[in-house]
Protein chains: 2
Amino acid sequence: MYQRKIPIDYNCGLGIAMEVIGSKWKFCILDAVSKGIQRPKDLAQAINGITRRVLHQQVGELEMHGILGKTIYTEVPLRVEYHLTATGKTLLPLIEALNTWGLEFSPHLRAILEGGSSVKALQTEEAIM
Amino acid sequence: MYQRKIPIDYNCGLGIAMEVIGSKWKFCILDAVSKGIQRPKDLAQAINGITRRVLHQQVGELEMHGILGKTIYTEVPLRVEYHLTATGKTLLPLIEALNTWGLEFSPHLRAILEGGSSVKALQTEEAIM
DNA sequence: TCAGTCAGTGATAAATTTATCACTATGGCG
DNA sequence: CGCCATAGTGATAAATTTATCACTGACTGA
């Protein structure tokens, strides 16, 4: 794994949370696992846009951080399943809340980024006094 | 601002949320602003480790996304204040929750990353069946 | 004029995260 | 053996985010 050069601030809860779950795919992975999708192959199919390589990287970090657990069944063909640990389960409400917020905010972001001339309500509030 | 090459998925709430608040400093900035620290200079002092340049970048994005509003007082010396918009305020509970979670998780992360030989409870659960 | 405060910008480098592509390894099965 | 499916790794490039450093600009007051 990548060896950090800038140290983590263990006193900033937000920083810690970001370190553990703040990446492009981790939320999605946890969400999928919580819904019963447990095998790498299925995860890769279920999560739109992720590649096997990246999935492994992210899952590996989640496992290392104690958010996901891994079970290897020595069947043929090989079967591997990931599951949320107790710690991992404490994240679910946060994920759900963030997802909900994001979906609500989505149209605004789209309007802002795509030069929405229609939606102006939430646009930059800038005032000169 | 940086021009994305990989497009955003507007259907993934988590992705949207990450786009808007998922960065090293944004949470901290919002937290500070919500506590009444509103001027750039004060924010730069209050947030440990951030530089003026980066602060401006991040604040600018938050403003563009409609999370922060900006008021310019044409006094001397110039005074600028940022404040949470209505949308921004909807983020506060999430920030609080993430911060709390992070602080609770902090010791585990530290133990894991710093080769903790003492704390083993939450370590990788890997089983072979 | 010169230093001092405050807010901000431009160019660029460094750090970090994600993505690509080509591989290895195990075992079943025709 | 050759080919399938599964899970995984190594090397490296590309994308993205953060950091550095030197600036501009407006204004005050000595």
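A short tour of the structure in this document, coming up. All figures in this text were calculated on a predicted structure; none of them were measured in a lab.

### What about the interface of chain B and chain A?
Here is step 1: Facing 56 residues of chain B, the contacting portion of chain A comprises 56 residues.
Here is step 2: Regarding the contact of chain B and chain A, the summed buried area is about 5,100 Å², with carbon and sulfur atoms giving 69% of it.
Here is step 3: Summed over the shared surface of chain B and chain A, the result is zero salt bridges.
Here is step 4: At the surface where chain B touches chain A, the tally comes to eight residue pairs in polar contact (both at pLDDT 80 or more).
Here is step 5: The dominant element in the side of chain B that touches chain A, judged by the number of residues it contributes, is helix H6 (residues 92–113) of chain B, at 14 residues.
Here is step 6: Partitioning the side of chain B that touches chain A into residue classes produces 31 nonpolar, 17 polar and eight charged.

### Details of the protein's contact with DNA strand C
Here is step 1: Neighbouring residues of DNA strand C: 24 residues in total, closest A:Lys24, A:Trp25, B:Arg53, B:His56 and B:Lys70.
Here is step 2: The protein-proximal atoms of DNA strand C, defined as those within 4 Å of the protein, are 69% sugar or phosphate.
Here is step 3: Measuring from a phosphate oxygen of DNA strand C, one finds a backbone N or O atom of A:Lys24 at 2.7 Å.
Here is step 4: In the model, a phosphate oxygen of DNA strand C is placed 2.6 Å from a nitrogen or oxygen of the A:Trp25 side chain.
Here is step 5: Residue assignment for the surface near DNA strand C shows that the elements contributing at least two residues are helix H4 (52–64) of chain A together with helix H3 (40–46), helix H4 (52–64) and strand E2 (79–84) of chain B.
Here is step 6: Top contributing element to the surface near DNA strand C by residue count: H4(A), with four residues.
Here is step 7: Here the residues of the surface near DNA strand C are counted per class, giving 10 nonpolar, five polar and nine charged.

### A look at the pairing of E2(B)
Residues and elements named next belong to chain B.
Here is step 1: Extensive coverage of E2 is indicated by the burial of five of its six residues.
Here is step 2: Sheet topology places strand E1 (residues 68–73) next to E2; six bridges connect them, and they run antiparallel. Across the sheet, Thr 71 pairs through a bridge with Glu 81, a residue of E2.
Here is step 3: What sits between E1 and E2 in their antiparallel hairpin is a turn of five residues.

### Quick word on the nonpolar core
Here is step 1: Counting residues in each nonpolar core, the largest one holds 72 residues, and the members touching the most others are A:Ile29, A:Leu30, A:Leu68, B:Ile29, B:Leu30 and B:Leu68.
Here is step 2: Those residues in contact with A:Leu30, other than ones at most four positions away along the chain, are A:Ile21, A:Leu62, A:Ile67, A:Leu68, A:Leu84, A:Leu91 and A:Ile95.

### Regarding the packing of helix H6 (residues 92–113) of chain A against H6(B)
Here is step 1: At their nearest, the axes of H6(A) and H6(B) sit 11 Å apart, and the two run at 155 degrees to each other. Regarding the angle of H6(A) to H6(B), the classification is roughly antiparallel. For H6(A) against H6(B), the interelement crossing comes out left-handed. In this structure, H6(A) contributes A:Leu94, A:Ala97, A:Leu98 and A:Trp101 to the contact, and H6(B) contributes B:Leu94, B:Ala97, B:Leu98 and B:Trp101.

Here is what the cut-offs are and how they apply
- Residues numbered from 1 in each chain as written.
- Chains lettered and ligands numbered in written order.
- Predicted model: local features only at pLDDT ≥ 70, side-chain atom pairs only at ≥ 80, totals over all residues.
- Heavy atoms only, no water.
- Contact = heavy atoms within 4.5 Å.
- Buried area = accessible area lost by both parts, 1.4 Å probe.
- Salt bridge = Lys/Arg side-chain N within 4 Å of Asp/Glu carboxyl O.
- Polar contact = N/O pair within 3.5 Å; in protein donor to acceptor, adjacent residues only side chain to side chain.
- Helix = DSSP H or I, 4+ residues; strand = E, 2+ residues; numbered from the N terminus.
- Nonpolar A, V, L, I, M, F, W, Y, C, P; charged D, E, K, R; others polar.
- Near = heavy atom within 4 Å.
- Buried < 20%, exposed > 50% of the residue type's maximum accessible area, 1.4 Å probe, protein only.
- Pairing = 2+ DSSP bridges.
- Core = buried A, V, L, I, M, F, W, Y, C linked by side-chain atoms within 4.5 Å.
- Axes fitted to C-alpha atoms, helices over the stretch in contact; angles between N-to-C directions.
- Parallel < 35°, antiparallel > 145°, perpendicular 65-115°, else oblique.
- Left-handed = near helix turned anticlockwise from the far one by under 90°.

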